[in-house]
Amino acid sequence: MRPPSSLRLGPLAWLRANLFNSWLNSLITLVLLWMLLELVPPLLRWLVFNAQVSAPDAQACRAAGGACWAFIREKYRLILFSTYPYDQQWRPLLAILAIMAMLAASCDRRLWRWLPLLWLGGLGTVAVLMWGGVFGLPFVENRLWGGLPLTLILATVGLMAAFPLSILLALARRSDMPVIRAVAVIYIELIRGVPLVSLLFMASIMLPLFLPAGVTIDKLLRAQIAFILFASAFLAESIRAGLQAIPHGQYEAADALGLGYWRKMRLVVLPQALTLVIPPMVNTFIVVFKDTSLVVIVGLLDLLTSAKISINSADWRGFYREAYLFIAVIYFVFCFFMSRYSQWLERDLRRGPI
Amino acid sequence: MTVTSSSFSAPVRAAWLGDQTVRAVLYQALVAAAVAGAIWYLVSNTLDNLARQNIASGFGFLGRSASFAIGESLIDYSAADSYGRAIVVGMLNTLKVTGLSIVFATLIGVTVGISRLSSNWLLARLATVYVEMVRNVPLLLQLFLWYAIITENLPSPQQALNPLPGVFLSNRGLVMPVPVVDAAWTAGIAALLLAVVVSLGLSRWTRHRRQTTGRGFPFAAAVLALLLGLPLLVWGVFGATLVLDVPVLRGFNFRGGGAVSPELAALLLGLSIYTASYIAEIVRAGILAVDLGQTEAALALGLSPAQVLRLVVLPQALRVIVPPLTSQYLNLNKNCSLAVAIGYPDMVSVLNTIVNQTGQAVEGVGLIMGVYLAISVVITVVMAWYNRAVALVER
């Protein structure tokens, strides 16, 4: 059905209705147009027109006065894969693609029943690709991992390991038993109340102290533990919201059927609650994904750290705008699509089951 | 009432195991024992390890001389002062950054949030672009970018930009003239504090008067006069002195005046702009949550559009806005700890230095967590009090 024709405005009428409908709006429009005219042309000159896509060296690139995309061409492997052995870098590339495929498949509601299998399989593939040591792939120790795969691994493994823990925490916080409830409340509020930086410090400085003498634990695993603790507290709160949203009648009906606590939760409550909280869980995933950049503080070579290293490389020093813009676009693409997906999902779930 | 399957199978098992209460006690005892055991295991390992590394645990180190300098401080501090005082310096810096960023982020966030709902197409679109761009890029990356722009893009102090007389912008930060605080200024500042207290009292009195007698009082004008007039008056009575401490270039940097270091500037810019994008979304959702019928009803009652916003829409929107706003303020406070990555001496950064010097890791991390939890509790309590004040009163 077409809208009434009177609603379709000509360009001039549209301008009047949307940009100049009062003297205040006209003023705002003019000020904004002036600002755009001041900002956009120099920005475009820098980004596109004066930009150097190829240059023999840093001096020639800098002389042009625009963005030096040749720097990215020169250093993208350092930024994306960091210290991973150069001739083996197809493996982290495949690992990135595997994680992206895993995330893309997770977006399909029909595949949700296979989600645990999908993620275990996906991350198993990633582990084989990154570590190697089997199928004739040379072993690469995780000290050498870095760049985008590390960022993605910290976020996805953190989320997957935190998920079962967070379900238990959410159930414990809703429990009738005061001791169990208290343990869950203290854990969740403690983790949510302190900055992630302090959790990372704790993991990197104090974790070795917690373990018996002789047991060592590498840097990546320490940071990973911090992210699991962090993600579990935040996920637990999302899941608790979902548990609270399930009508009481569902609990009572399960009781009336004679289901015990665990079967009631597993068969009746959790399937409904978890579906409800997937959009906020996607948002938690975005938070964790962005916060993986904090591992710079404990000296892991994630995407942000390797970009910082590329800026200080001896031959192409100081192209910080290009490097930061490049990784900002990568972060943006991931986060933007996830947040759009979560918004779409929220509407889609309201429409009912597939 | 809960009936579980176990009560039907009671005859098979021992009778006492089928009892809900007994089992609840048993489960809780098990969990408590497991948690206590885990804590005991970790603590005993830690004590073992500390003893092996010859690190004395305890907070005795706080009294020892810190012997490191801190770039900026709100109180007097030198390298000879104690670790304890260094931590207080860091804490005050954290509070300063949090306080200033909350103000800036709220101002930007409310503006952008309202702009997203504007009937002006261009303004609404630009506000959306701002929110999407800022929210989807990690804060730490933004901090690095701001810091790099300030330190690498701005000229050296010798060629500093000079937008206003006495104000210089260079890669060493922003320097500007500040008034020398003398007797008249001290008295003026005291008067300003007094004016704030009196305004708070006046606000209660105005509400009481309106509720009991129905008569209004020009509250906004009175408070404005009080906040501006009283300090000016006191300042004038004490001699109206104005001595400016103007920065001058000495060698490679500026001396005198007030300064905003590149680290502080980057931190304030990054935190404010990032948090503002979240606040904008909260404000937008809050305003959208107020039913259009409310506005129409208020207009039908003959209120002016400004009155509709102030008396009808905002009080209802605030109820939706305040709880998530609280958690954004708490996030901002926590994100302040990213200062450690760009070298601003906040509490985490100072404690990090101390831990590296003394090896008192457990105490250091414990202090960070303790102080942050305390700040969280204070902000939560204050916002809960405010939330009660704006909440719907059910009659």
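Along each chain, numbering runs from 1 in the same order as the chain's sequence is written. Labels follow written order: the first chain is A, the first ligand is 1, and so on. Per-residue local features of the predicted model are confined to residues with pLDDT of at least 70, and side-chain atom pairs are confined, for both listing and counting, to 80 or more; whole-chain, interface and lining totals are unaffected and use all residues.

## Considerations on the overall build of chain B
Rule in force here: Note on conventions: DSSP H or I runs of at least 4 residues are helices, E runs of at least 2 residues are strands, and numbering of each starts at the N terminus. Put simply, the radius of gyration uses C-alpha atoms, and a globule should come to 2.2 Å times the residue count raised to 0.38. Buried means a residue has 20 or more other C-beta atoms within 10 Å of its own C-beta, exposed means 12 or fewer, and partly exposed covers the counts in between; C-beta atoms are placed from the backbone. Placing C-beta atoms from the backbone, we regard two residues as in contact once those atoms come within 7 Å.
The helix and strand inventory of chain B stands at 13 helices and eight strands. Rg of the C-alpha trace for chain B: 28 Å, well past the compact-globule value of 21 Å for 395 residues, more than 25% over. By principal-axis analysis of the C-alpha atoms, chain B measures approximately 90 × 70 × 45 Å. Counting across all 395 residues of chain B, residues that qualify as buried make up 29%. Considering only intrachain contacts with a sequence separation of at least 6, the fraction spanning at least 24 residues in chain B is 66%.

## Some points on the overall build of chain A
Along the backbone of chain A there are 15 helices and zero strands. Taking the principal axes of its C-alpha atoms as reference, chain A extends roughly 75 × 70 × 40 Å. Here chain A, with 354 residues, has 36% of them falling under the buried criterion. Here the analysis covers contacts within chain A between residues at least 6 apart in sequence; of these, 66% occur between residues at least 24 apart.

## Looking at the interface of chain B and chain A
As a reminder of what qualifies: Gly is put with the polar residues, along with every residue not named as nonpolar or charged; the nonpolar set is Ala, Val, Leu, Ile, Met, Phe, Trp, Tyr, Cys and Pro, and the charged set is Asp, Glu, Lys and Arg.
Opposite the 50 residues of chain B that make contact, chain A presents 47 residues. Taken together, the elements giving at least two residues each to the side of chain B that touches chain A come down to helix 1 (5-8), helix 2 (20-52), helix 4 (121-135), helix 5 (139-153), helix 11 (339-342), helix 12 (347-358) and helix 13 (361-390) of chain B. By residue class, the composition of the side of chain B that touches chain A is 32 nonpolar, 13 polar and five charged.

## Some remarks on the nonpolar core
Put simply, the rule is: Joining buried Ala, Val, Leu, Ile, Met, Phe, Trp, Tyr and Cys residues through C-beta atoms within 7 Å gives a set, and that set is a nonpolar core.
Ranked by internal contacts, the top residues of the largest apolar core, which has 161 residues, are A:Leu200, A:Phe230, A:Ile327, B:Leu140 and B:Leu143. When residues in this core are grouped by element, the largest group, 14 residues, is from helix 10 (residues 219-245) of chain A. Setting aside residues no more than four positions away along its own chain, B:Leu143 makes contact with B:Ala266, B:Leu267, B:Gly270, B:Leu338, B:Ala341 and B:Ile342.

## Re the environment of A:Ser22
Residues and elements named next belong to chain A. Within the secondary structure, Ser-22 is located in the loop between helix 1 (11-18) and helix 2 (23-49). Look at Ser-22 and you get exposed, because 10 C-beta atoms sit within 10 Å. For the pair Ser-22 and Ser-54, spaced 32 residues apart in sequence, the C-alpha to C-alpha distance is 49 Å.

## Comments concerning helix 6 (residues 115-131) of chain A
Residue and element names in this part refer to chain A. Put simply, the rule reads: Given a helix with a known number of residues, its expected span is that number minus one, times 1.5 Å. Arc, as used here, means the arc of the directions from the helix axis to the C-beta atoms.
Here helix 6 is 17 residues long and its end C-alpha atoms lie 24 Å apart, about the 24 Å a rise of 1.5 Å per residue gives. All of the buried residues along helix 6 are Trp-119, Gly-122, Val-126, Leu-129 and Met-130. What you see down the axis of helix 6 is that its buried residues fit within an arc of 95°, all on one side. Turned more than 90 degrees away from the buried face of helix 6 sit Pro-116, Leu-117, Leu-120 and Gly-124, all of them exposed.

## Quick notes on the confidence of the model for chain B
Residues and elements named next belong to chain B. To be explicit about the condition: For every residue, the predictor reports its confidence as pLDDT, a number between 0 and 100.
Per-residue pLDDT for chain B has a mean of 82; in total, 93% of the residues score no lower than 70. Here residues 1-11 is a poorly scored stretch, pLDDT under 50, and it has 13 contacts once near neighbours within four places are set aside; other chains count. On the interface metric, ipTM, the complex scores 0.87, and its pTM is 0.84.

## Focus on the environment of B:Val131
All names here are of chain B. Mapped onto the fold, Val-131 is located in helix 4. For Val-131, a count of 22 C-beta atoms within 10 Å translates into the label buried. Among all residues touching Val-131, those that are not within four sequence positions of it are Val-112, Ser-277, Ala-280 and Glu-281.

## Remarks on the pairing of strand 3 (residues 173-176) of chain B
Side-chain positions along a regular strand alternate between the two faces of the sheet. All names here are of chain B. Note the cut-off: Any two strands with at least two DSSP-identified bridges between them are counted as paired.
Two strands pair when backbone bridges link them, and strand 2 (residues 167-170) and strand 3 are joined in this way by three bridges, in the antiparallel orientation. Bridging across to strand 3, Ser-170 finds its partner in Gly-173. Counting the residues in the hairpin turn of strand 2 and strand 3 gives two residues. Pairing of strand 3 with strand 8 (residues 258-260), which is carried by three bridges, proceeds in the antiparallel orientation. Bridge pairing links Val-175 to Ala-259 in strand 8.

## Looking at helix 7 (residues 219-237) of chain B
Residues and elements named next belong to chain B. Test applied: Bend angle per residue: angle between axes fitted to the 7 residues ending at that residue and the 7 residues starting there.
Taking 1.5 Å as the rise per residue, helix 7 with 19 residues should run 27 Å; its terminal C-alpha atoms sit 26 Å apart, in good agreement. Along helix 7, the helix axis deviates most sharply at Gly-229, where the bend reaches about 25°; the proline Pro-231 sits within four residues downstream. Looking at helix 7, one finds that the buried residues are Pro-231, Val-234 and Trp-235. Contact partners of the buried residues in helix 7: helix 6 (183-213). Of the residues one or two after helix 7, Gly-239 is the one with positive phi, at around 115°.

## Comments concerning the packing of helix 5 (residues 90-106) of chain A against helix 6 of chain A
All names here are of chain A. Note the following rule: Fitted lines through C-alpha atoms give the axes, limited to the stretch in contact for helices. The angle between two N-to-C directions lies from 0 to 180 degrees. Here the word oblique covers every angle except those under 35 degrees (roughly parallel), over 145 (roughly antiparallel) and from 65 to 115 (roughly perpendicular).
Relative orientation of the contacting elements helix 5 and helix 6 amounts to 175°, with a least axis distance of 9 Å. Relative to helix 6, helix 5 is oriented roughly antiparallel. Mapping the contact onto sequence places Arg-91, Pro-92, Leu-94, Ala-95, Ala-98, Ile-99, Met-102, Ala-105 and Ser-106 in helix 5 and Leu-115, Leu-118, Trp-119, Gly-122, Thr-125, Val-126, Leu-129 and Met-130 in helix 6. Taken together, the residues of the contact of helix 5 with helix 6 sort by class into 13 nonpolar, three polar and one charged.

## Concerning the sheet that holds strand 1 (residues 161-164) of chain B
Residue and element names in this part refer to chain B. Overall, antiparallel pairing links the four strands, which are arranged 1-2-3-8 in an open sheet. Each edge of the open sheet carries a strand with a single partner, namely strand 1 and strand 8. For this sheet, the mean inter-axis angle between neighbouring strands, taken without regard to orientation, is 20°.

## Observations regarding the packing of helix 8 (residues 178-193) of chain A against helix 10 of chain A
All names here are of chain A. Counted only if it meets this: The sense of a crossing depends on the near helix, which, turned anticlockwise from the far helix by less than a right angle, makes the crossing left-handed and, turned clockwise, makes it right-handed.
Helix 10 packs onto helix 8 with a crossing angle of 115° between their chain directions and a minimal axis gap of 9 Å. Our pair here, helix 8 against helix 10, has a crossing hand that is left-handed. Contacts from Tyr-187, Ile-188, Ile-191 and Arg-192 in helix 8 reach Leu-229, Phe-230, Ala-233, Phe-234, Ala-236 and Glu-237 in helix 10.

## Concerning the pairing of strand 1 of chain B
Residue and element names in this part refer to chain B. By the bridge criterion, two bridges tie strand 1 to strand 2 in an arrangement that is antiparallel. From the neighbouring strand, Leu-161 faces strand 2, where its bridge partner is Leu-169. The antiparallel hairpin formed by strand 1 and strand 2 contains two residues in its connecting segment, where Gly-166 sits at a positive phi of about 85°.

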